[in-house]
Amino acid sequence: MSETTDREMIRVEGLCKSYGSLEVLKEVDLSVKKGEIISIIGPSGSGKSTFLRSLIHLEEASAGSILIEGEAVRRADNKSVPDAKIRQHCRKLGMVFQNFNLFPHKTALGNVMEGPVTVLKKSRADAEREARALLDKVGLAGQAMQYPCTLSGGQKQRVAIARALAMEPDIMLFDEPTSALDPELIGEVLAVIKALAEEHMTMLVVTHEMGFAREVSDQVIFMDEGRILEMAPPDKIFTSPDHPRIRTFLDKMI
Amino acid sequence: MSYLIKSAQYILEGGAVTLKLFFITLAFSLPLGFVCAMAKTSRIRAVRIVMELYTSIVRGTPLLLQIFFVYYGLPILLPGLRLERFSAAALTFVLNYGAYFTEIFRGGIQSIDRGQYEASRVLGMSYVQTMTRIVLPQTIKRVLPPVANEAITLVKDTALVVVLGIGDILRNSKEIVSRDFTIVPFVIAAGVYLLMNYGVVLFFKKLEQRYSVYE
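Going along each chain's sequence as written, the residues are numbered from 1 onward. In the order they appear in the text, chains get letters beginning with A and ligands get numbers beginning with 1. The predicted nature of this model means local features are confined to residues of pLDDT at least 70 and side-chain atom pairs, given and counted, to a pLDDT of 80 or more, with totals for whole chains, interfaces and linings taken over all residues. Neither water nor hydrogens contribute to the side-chain values; these are computed over all heavy atoms in the structure.

## Description of the overall build of chain A
In terms of regular secondary structure, chain A is built from nine helices and 10 strands. Over its C-alpha atoms chain A spans a radius of gyration of 18 Å, differing by no more than 12% from the 18 Å that the globule rule assigns to 254 residues. Expressed as lengths along the three principal axes of its C-alpha atoms, the size of chain A is roughly 50 × 45 × 35 Å. Each of the 254 residues in chain A was classed as buried or not, and the buried ones make up 57%. Every residue pair with non-hydrogen atoms within 4.5 Å of one another is taken to be in contact. In chain A, of all internal contacts separated by at least 6 residues, the share reaching a separation of at least 24 is 65%. For the accessible areas, the method is Shrake-Rupley and the probe is 1.4 Å, while residue cover comes only from the protein chains on display. Carbon and sulfur atoms make up 47% of the accessible area of chain A, which totals about 10,800 Å². All tallies of charge rest on Lys and Arg as positive and Asp and Glu as negative; His and the ends of each chain are not included. In plain terms, the charge of a residue is placed at NZ if it is Lys, CZ if Arg, CG if Asp and CD if Glu. Here chain A contributes 32 positively and 37 negatively charged side chains, and the mean placements of these two sets differ by 5 Å. Only DSSP runs of H or I covering at least 4 residues are called helices, and only runs of E covering at least 2 are called strands; the numbering of each starts at the N terminus. Throughout, the radius of gyration refers to the C-alpha atoms, and the reference size of a globule is 2.2 Å times the residue count to the power 0.38. When a residue's accessible area, from a 1.4 Å probe over protein chains only, is under 20% of the maximum for its type it is buried; when over 50% it is exposed; and in between it is partly exposed.

## Regarding the packing of aromatic side chains
Residue and element names in this part refer to chain B. In this analysis, rings of Phe, Tyr and Trp, with Trp reduced to its six-membered ring, are considered paired at centre separations within 6.5 Å, and the interplanar angle assigns stacked below 30 degrees, edge-to-face beyond 60, and tilted for intermediate values. All told, the structure shown has 11 aromatic pairs over all chains when counted by the stated rule. Ring geometry for Phe-68 against Tyr-72: centres 6.0 Å apart, planes inclined by 35°, an arrangement best described as tilted. Here Phe-68 pairs with Tyr-72, and both are found in helix H3 (residues 63-77), just four residues apart, close to one helical turn. Ring geometry for Tyr-97 and Tyr-100: centres 6.4 Å apart, planes at 50°, overall tilted. You can see Tyr-97 and its partner Tyr-100 sitting in helix H4 (residues 85-110), three residues apart, about one turn around the helix. The ring of Tyr-71 carries the charged tip of Arg-82 above its face, separated from the ring centre by 5.3 Å. Remark: a charge is flagged as sitting over a ring if the NZ atom of Lys or the CZ atom of Arg is within 6 Å of the ring centre and within 35 degrees of the ring normal. Against the face of Tyr-214 rests Lys-141, its NZ or CZ located 4.6 Å from the ring centre.

## Here's the deal with the pairing of strand S1 (residues 8-19) of chain A
Residues and elements named next belong to chain A. For two strands to count as paired, DSSP must find a minimum of two bridges between them. Bridge analysis of S1 against strand S2 (residues 22-33) gives eight bridges, and the strand direction is antiparallel. By the bridge assignment, Val-12 is partnered in S2 with Leu-30. From the end of S1 to the start of S2, which pair antiparallel, there are two residues, and Gly-20 there has a positive phi angle of about 60°. Where S1 lies against strand S4 (residues 63-68), five bridges are found, and the strand directions are antiparallel. Looking across to S4, one finds that Cys-16 is bridged to Ala-63.

## Let's talk about the side chain of A:Lys106
Within the secondary structure, A:Lys106 sits in the loop between strand S6 (93-96) and helix H3 (108-118). A 3.5 Å cut-off defines polar contacts: any pair of N or O atoms within that distance qualifies, except that in protein one atom must be a possible hydrogen donor and the other a possible acceptor, and neighbouring residues in sequence count only when both atoms are side-chain atoms. Within the structure, A:Lys106 has its side chain in polar contact with the side chain of A:Glu114 (distance 3.3 Å). Each residue touching A:Lys106, except ones within four places of it in the same chain, is listed here: A:Asn111, A:Glu114, A:Tyr147, A:Pro148, B:Arg133 and B:Ile134.

## A look at the packing of H3(B) against H4(B)
Residue and element names in this part refer to chain B. Running from amino to carboxyl end, H3 crosses H4 at an angle of 135°, the nearest separation of the two axes being 9 Å. For the element pair H3 / H4, the angle class is oblique. In this structure, H3 meets H4 at a crossing whose hand is right-handed. Where H3 approaches H4, its residues Leu-63, Gln-66, Ile-67, Val-70 and Tyr-71 are matched on the opposing element by Arg-85, Ala-88, Leu-91, Thr-92, Phe-93 and Asn-96. The classification used treats Ala, Val, Leu, Ile, Met, Phe, Trp, Tyr, Cys and Pro as nonpolar, Asp, Glu, Lys and Arg as charged, and all other residues, Gly among them, as polar. Classifying every residue of the contact of H3 with H4 by side-chain character gives seven nonpolar, three polar and one charged. Only the stretch in contact is used when a helix axis is fitted, and all axes are lines through C-alpha atoms; the angle between N-to-C directions ranges over 0 to 180 degrees. These descriptions rest on fixed angle ranges, namely under 35 degrees for roughly parallel, over 145 for roughly antiparallel, 65 to 115 for roughly perpendicular, and the rest for oblique. Should the near helix be turned anticlockwise from the far one by less than a right angle, the crossing is termed left-handed; should it be turned clockwise, right-handed.

## Overview of the sheet that holds strand S10 (residues 227-232) of chain A
Residue and element names in this part refer to chain A. Pairing within the open sheet is mixed, and its six strands lie in the order S6-S7-S8-S3-S9-S10. Of all strands in the sheet, those with a lone pairing partner are S6 and S10, marking the two edges. Shown here is a sheet whose adjacent strand axes are inclined to one another by a mean of 15°, direction ignored. Pairing analysis gives four bridges linking strand S3 (residues 37-41) to strand S8 (residues 202-206), with the strands arranged parallel. Its bridge partner lying in S8, Ile-40 is registered against Val-206. Contacting S3, S6, strand S7 (171-175), S8 and strand S9 (219-224), helix H1 (residues 48-55) runs over the sheet at an angle of about 145° to S7.

Put into structure tokens, the structure is as follows:
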């Protein structure tokens, strides 16, 4: 449903991750093109979140390589990349967490301004103007001066999305953005993500919302036991997946 | 009446010494506690071990003994290092309260959710930025109640400097008591301590109110 170009935004090869003897990711490969929207589905513990978190270096992979817009943040030869470089390249990625992780001591506006002021060294006036525009975009212009503890879950998550967008990322990562929300609040968050999709933002979304995955994605990845079992357009995954495991999973979801 | 005023005046002169010690101790032991708390959560093992030794020894021995040690013991260990009485007392108090604040701040820092570090990280913030902008401001709110407790204890602990013959509230009161065979000065001293701690409590209450705007 979105326009993709051939420009490669993320390239992952042979990514492995283990905790002790437990292998969480086993030789994962992925290429993400500009404007592409990819949903990652699969059972709990299949490594979906770990994979997403490895991309932005919240988890240190144990083997494989990660290129973000051509720049290595993890090298196949295991040579370490300096932390400053990793932070610089990972800034092209924005991340939204399941539990929002808003800064409780800052207002909604303060949360959105924090990155631009502290990291991008923007003036407070510029940062505030842009932050207010972003809050308006996610429908929270009226809540700018409120602290997170006074916001609903859906509002918190929308502030978190605005906070990530304030860093002007090229790619957005969503880690189960609606899993911590009451059912009636899921819609407002998905609407914001859909609006981003219409702007051709490159996105990776780990989700349990099958309807959303089917409607919005260009590609759907099914992960199981640390592997990508199948990656295909949503119609194929949801109607005629190659793998019987996927059908079993989807049957249980509905 | 003039006797009472004269006594009170003399005791309040001691109050100046007590206050001086109180503020010097807080001014140095709070930053010391912050630095040591960071060191105690450091990734370097040797640093953590040194900090563990510091807090264990200081918190595990009586403050009174530490005062004796710094004033009488240090000059024996390190000839030439003879501290004047008030300096010796102040140094001891700073080191002693620094150790308690280290533990309070360490607990506070470690109680901050991992998600806060992750959110800072994905915004591209460095470790120092994460600590100063995100973690420490939230830590301050959480440690206010235990820090207030320590400050109250400190007001009373200052009375220990009597053993070095420093003219604080308690010593000045005691002088009048011995001279005039009356316990009135002790009552006045108690009143002064109570008043000081009332100020401390009020101060921290205001501070807590200021931080109560969020969660």
